[in-house]
Amino acid sequence: DAGITQSPRHKVTETGTPVTLRCHQTENHRYMYWYRQDPGHGLRLIHYSYGVKDTDKGEVSDGYSVSRSKTEDFLLTLESATSSQTSVYFCAISEGGYNSPLHFGNGTRLTVT
Amino acid sequence: GESVGLHLPTLSVQEGDNSIINCAYSNSASDYFIWYKQESGKGPQFIIDIRSNMDKRQGQRVTVLLNKTVKHLSLQIAATQPGDSAVYFCARGGYQKVTFGIGTKLQVIP
């Protein structure tokens, strides 16, 4: 594994509650990403970070926010969880820019009831 | 628009045989491709990558072939083992511009 820890690994929450997922890396990589994986859709980018306090939106960012106060930690927050946000969430890191592969954590399975 | 797709959703291979997993892409501007392996309950694991200035790249028991003429990418796994059972998917690009395919499930028959 690439030194990426996601927590929690599983979570069940109710509609309307806030949820925060954490990604911690020990590789000192500059770039960090949050993806969601749903059947039939593949991996879709939610938000990404290109440095401490530097973040930007991905293709499915609505309903999500992120924060990165330290190089090693990247937080994903669902301000008010909805059933459509039931998914498996993956954090990824990469060393460089375009020609650097992503390395993924083992995911957080989130169920919103 | 850009898309990365797969020819077969499931591939069954006898243990010891070679496996070939295919992927097609639609945008000729793509110049960086990656193969990932995802086991049940785990995150995608990087296998091998290739840039468009190459036609072939080899790793340990794996080979990726890139045919830019027909916009086709393949992953070959030599002497397939039970531990190779997983979903494999190709991806294009890097940084925030990565596009992922849906995946092909490789089943290894003992």
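None of these values were measured; they are calculated from a predicted model.

Draft legend 1. Geometry of the pairing of strand β7 (residues 64–70) of chain A. Residues and elements named next belong to chain A. Two strands pair when backbone bridges link them, and β7 and strand β8 (residues 73–78) are joined in this way by five bridges, in the antiparallel orientation. Looking across to β8, one finds that Ser67 is bridged to Leu75. Here β7 hands over to β8 after two residues, the two strands then running antiparallel side by side.

Draft legend 2. Seen up close, the interface of chain B and chain A. Taken together, the contacts link 23 residues of chain B with 23 residues of chain A. Between chain B and chain A, the buried area comes to about 1800 Å², and carbon and sulfur atoms account for 58% of it. For the pair chain B and chain A, the number of links is five residue pairs in polar contact (both at pLDDT 80 or more). When contributions to the side of chain B that touches chain A are tallied by element, the ones reaching two or more residues are β4 (32–38), β5 (45–51) and β9 (86–92) of chain B. Looking at which element gives the most residues to the side of chain B that touches chain A, the answer is β4(B), with four residues. Taken together, the residues that form the side of chain B that touches chain A break down as ten nonpolar, seven polar and six charged.

Calculation rules
Residues numbered from 1 in each chain as written. Chains lettered and ligands numbered in written order. Predicted model: local features only at pLDDT ≥ 70, side-chain atom pairs only at ≥ 80, totals over all residues. Heavy atoms only, no water. Pairing = 2+ DSSP bridges. Helix = DSSP H or I, 4+ residues; strand = E, 2+ residues; numbered from the N terminus. Contact = heavy atoms within 4.5 Å. Buried area = accessible area lost by both parts, 1.4 Å probe. Polar contact = N/O pair within 3.5 Å; in protein donor to acceptor, adjacent residues only side chain to side chain. Nonpolar A, V, L, I, M, F, W, Y, C, P; charged D, E, K, R; others polar.

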